[in-house]
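# Working through the structure, step by step
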Amino acid sequence: MSLIQKFSKLSVWSRAWWVLAIIVVFTVIVGLTAGGNVYNKWVKKLAAKTNDIVILPSVKELPYNLGLDLQGGAHLVYSADVSTIAAADRAEAMESVRDVIERRVNAFGVSEPLVQVNKSASGEYRIIAELAGIKDIKEAIKTIGDTPILEFKEQATTTQALQVDASGTAVLDASAAINWKNTELTGKYLKRSSVQFNPNDGSPEVSLEFDAAGAKLFEEITARNIGKPVAIFLDGYAISVPNVNEKITGGQASISGRFNVEEAKLLVKRLNSGALPVPITLISQKTVEASLGSKSIDNSMVAGLVGLLLVSIFMIVYYRLPGLLSVLSLLVYGLTVLAIFKALPVWLALVLVVIMISLVFYTFNELKIFNGTLAFLFAIIGLLLFFYALKPITLSLSGVAGFILSIGIAVDANILIFSRTREELKAGKSVRQAVDDGFKRAWPSIRDGNISTILTCLILMFFGTSAVQGFGTTLFIGIAVSLFSAIVITHTLFVVILGDWLEKRTWLLGVSRSKIENK
Amino acid sequence: MIYRIIQKRKFFLTLSTLVALASILALFFWGLNFGVDFTGGSLLEVGFKNYQPTVTEIQDSLKGVDLHGLIVQPTNDSIILRFKESTEEAHQAVLTKLQELAASKTAASITELQFDAVGSSIGKELKSKSFNAIAIVFVMIIIYISWAFKKVSKPVASWKYGVAAIIALIHDILFILGVFSVLGHFYGIEINTPFIAAVLTVLGYSVSDTIIVFDRIRENLPKSQEDFENTINRSINQTIVRSIITSVSSTLALIAILFFGGDTIKDFALALIVGIFVGTYSSIFIASPVLVVWDNLTRRQK
């Protein structure tokens, strides 16, 4: 407590210097996080130039998570036909479809494939696969769509003539018309399959091993079909129709179709990579070539820098000294937002958010406008920011545009404060008093205006398509951080720099002295 | 100096009504030029190396493929094809034909830059989703403003502030749609998913702009010596500079995107620029004047 007491005894000015020191540390942290690769390059150059005398420690480089339109890749949407599955089991079946597709996609060496199940408003089940940076999209589409649907069917009506082959297994010609009906047993229950050879004639067979639930189903099916054939269908074709001689327990079965070793191996591979329990069809795709993506990144970088430059020049020309200060806080703003876009380690995210929230609370306390509602509001914003700091934010083209736009909007809070400060100055107040009152008076407008934008962001974030969500998320992060930069950084810089020395130089604040005297 | 904005409200409100009517007419006659995201279909962008085929060459080469509504549009360094089919088969068939075309020229090659295919059901879904999102924004804004202005009930009830903000928003949406209807009709600019994000962002921006004016009214009303009309006019004057400065700084950022951000994002930036312009206009010249008109009407009835 004694530390806090000592601190509160300091003058406003020296307290602001302490806050400024914290802001500088904060800026260094977010700067190194956002531009770790730039810093590391610079460290290397410096070491080379000074013949390895000055070697600064390098930092860990965290990557940005670029969207498909920036790094190239494919966004595929599949519709799943779940009509054959009981309504209660559909969600579960879709989960296994997702797992299977994930396995197939992984074989393509995509760094972080994203496969999601999605239920549309009309109740249609969909699979969305995002394959960032994938090279051979055509092949990927082929592999995903390659649907080994494994089904076990039993006879629906009368028995038909069966051919019995040498090994005693009943084999039905696929062309023979029999009414088959589905059993509950499908590829979903398959645990593993392997190639084995028939001990009698050495012909290749494919053995199937079911999981516990599958074994039980298989036992039931064989029990009620003794003396009758059971068909194994792959992709809608009967590949094997053995006759059941007795109830089979233990969950083992084998397909003794008429295939050679190669075919058997291929079938095993397809079955193990996963049989899709339901058929899927590609209904929508978006693919972007990598070169187009890197062109977009270059364009966005240029657009971002030009945007920042234009806004900075405008602010300095129009608001002079306060404009310059707001440009400084805009720089911290930009670095902070970029840092939050990355997937930060927990400790770092915690440090950043705690610093931001406590400085906001501290500033409100200094301005004597702190209350419970405000604390609650900022606690929620802080929590959301913490969440987004941990999560990598996928930067799509529209997300980057949202960020650049937020540079323009971020100065809004500053503008509100400056306009108010100018009014107070014109009313004849001292610079220090005008700054404090300007902040206090501007706050309700800043709060209400930003809450309405945050509400819009939340709607954007919950509005289905990923591009729109990305845009909403980046805009939200931008607004939350801009509140911090305006309230804390601009205010602290004001208190530290604006003082009595400005009383005779109010032109630096954009207010001519004659106007003050006239009042 | 004080601008007489409220006093000239008839002029501004008539102007805005006319603009809104013109937008409705444009929408009625030309409609909106929806892109593949909404209509379903395909968009294929290919780049040719060492050879730039003409539109007719491409059309001729694709004669063998059964495509509906094929549109071929050359850009600076690539060619964009649009067609109604959205299947992978159609996609591969078109690619094969284009590859054959490239192979028939010496040293020419072709790369697929991007491909968008949207099934028609997804397009319909997106339309209804967008509509719902905009409706939700409207409702939330009325609720939020009524709540934020609950202490100001004299002389105008707090919910009327919300309705006035919504009237300004409807004007904004009509204006943006009208502009894009014209742009779509004459310049072929399409409306896709990012456009919806732009419209929603503009709604948020316009409301926060309006709220800042209302906030000033709320602050001035209790201590004002003037009547309602003049208090509002003074509040607008006190906030007008800030409204304009903020829209200029936001527009500067967007202009950077428009000129340097690349082709893909251009339309998006344009929608935002139009929206921020009209959002700023409506918060000054529509939202508050509507409050005054409404107040006068209720007085007359009493």
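Residues numbered from 1 in each chain as written. Chains lettered and ligands numbered in written order. Predicted model: local features only at pLDDT ≥ 70, side-chain atom pairs only at ≥ 80, totals over all residues.

Moving on, we come to the interface of chain B and chain A. On the chain A side, the residues contacting the 56 residues of chain B number 58 residues. Those elements giving two or more residues to the side of chain B that touches chain A turn out to be strand S4 (109–118), helix H5 (120–148), helix H7 (193–220), helix H8 (228–260) and helix H9 (263–285) of chain B. Counted by class, the side of chain B that touches chain A contains 34 nonpolar, 15 polar and seven charged residues. (Contact = placed C-beta atoms within 7 Å. Helix = DSSP H or I, 4+ residues; strand = E, 2+ residues; numbered from the N terminus. Nonpolar A, V, L, I, M, F, W, Y, C, P; charged D, E, K, R; others polar.)

Residues and elements named next belong to chain B. An ideal rise of 1.5 Å per residue puts 21 Å on 15 residues; helix H10 (residues 287–301) measures up with 22 Å between its terminal C-alpha atoms. Of all the positions in H10, only Ala287, Ser288, Pro289, Val290, Leu291 and Val292 are classed as buried. Each element contacted by the buried residues of H10 is listed here: helix H1 (9–29), helix H6 (158–187), H7, H8 and H9. (Expected span 1.5 Å × (residues − 1). Buried ≥ 20, exposed ≤ 12 C-beta atoms within 10 Å, placed from the backbone.)

Residue and element names in this part refer to chain B. One can describe the packing of H6 onto H10 by two numbers: an axis separation of 8 Å at closest approach and a directional angle of 130 degrees. Classed by the angle they form, the pair H6 and H10 counts as oblique. By crossing handedness, the relation of H6 to H10 is classed as right-handed. Counted together, Lys160, Tyr161, Ala164, Ala165, Ile167 and Ala168 of H6 and Ala287, Val290, Leu291 and Trp294 of H10 form the full contact between these two elements. Residues of the contact of H6 with H10, tallied by class, amount to nine nonpolar, no polar and one charged. (Axes fitted to C-alpha atoms, helices over the stretch in contact; angles between N-to-C directions. Parallel < 35°, antiparallel > 145°, perpendicular 65-115°, else oblique. Left-handed = near helix turned anticlockwise from the far one by under 90°.)

Turning to helix H3 (residues 36–49) of chain A, a few remarks are in order. Counting along an α-helix, one turn takes 3.6 residues, and residues three or four places apart therefore face a common direction. With 14 residues, H3 of chain A extends 20 Å between its outermost C-alpha atoms, agreeing within 8% with the 20 Å of an ideal straight helix rising 1.5 Å per residue. Count one or two residues on from H3 of chain A and you reach Asn51 of chain A, which has phi positive near 55 degrees.

By definition, the strands of a sheet pair up through backbone hydrogen bonds, in either a parallel or an antiparallel sense. Residues and elements named next belong to chain A. The sheet built from three strands is open, its strands ordered S9-S10-S13 with antiparallel pairing. Edge positions in the sheet fall to strand S9 (190–197) and strand S13 (252–255), since each has one partner strand and no second. With direction set aside, neighbouring strand axes in the sheet form an average angle of 25 degrees. As judged from the seven bridges shared by S9 and strand S10 (residues 204–210), these two strands associate in the antiparallel manner. Of the residues in S10, the one forming a bridge with Phe197 is Pro204. (Pairing = 2+ DSSP bridges.)

Grouped together as the largest cluster of nonpolar side chains are 200 residues, with contacts concentrated most on Ile404 of chain A together with Ala165, Ile176 and Leu272 of chain B. If near-sequence neighbours (up to four positions away) are discounted, Ala165 of chain B is found in contact with Ile141, Ile145, Val207, Thr210 and Ala287 of chain B. If you look at the next biggest cluster of nonpolar residues, it comprises 23 residues, including Trp180, Leu208, Phe210 and Val268 of chain A. (Core = buried A, V, L, I, M, F, W, Y, C linked by C-beta atoms within 7 Å.)

Turning our attention to the pairing of strand S2 (residues 71–74) of chain B. Looking along a regular strand, one sees the side chains alternate between the two faces of the sheet. Residues and elements named next belong to chain B. With four bridges connecting them, S2 and strand S3 (residues 79–83) associate as antiparallel partners. Residue pairing for S3: Pro74 is matched across the bridge by Ile79. Between S2 and S3, which pair antiparallel and follow one another directly, the connecting turn spans four residues.

Taken domain by domain, chain A consists of domain 1 (11–57 + 290–518), domain 2 (73–147 + 282–287) and domain 3 (150–272). When each unit is reduced to the centre of its C-alpha atoms, the spacing between domain 1 of chain A and domain 2 of chain A is 40 Å. (Domains from an automatic or database assignment.)

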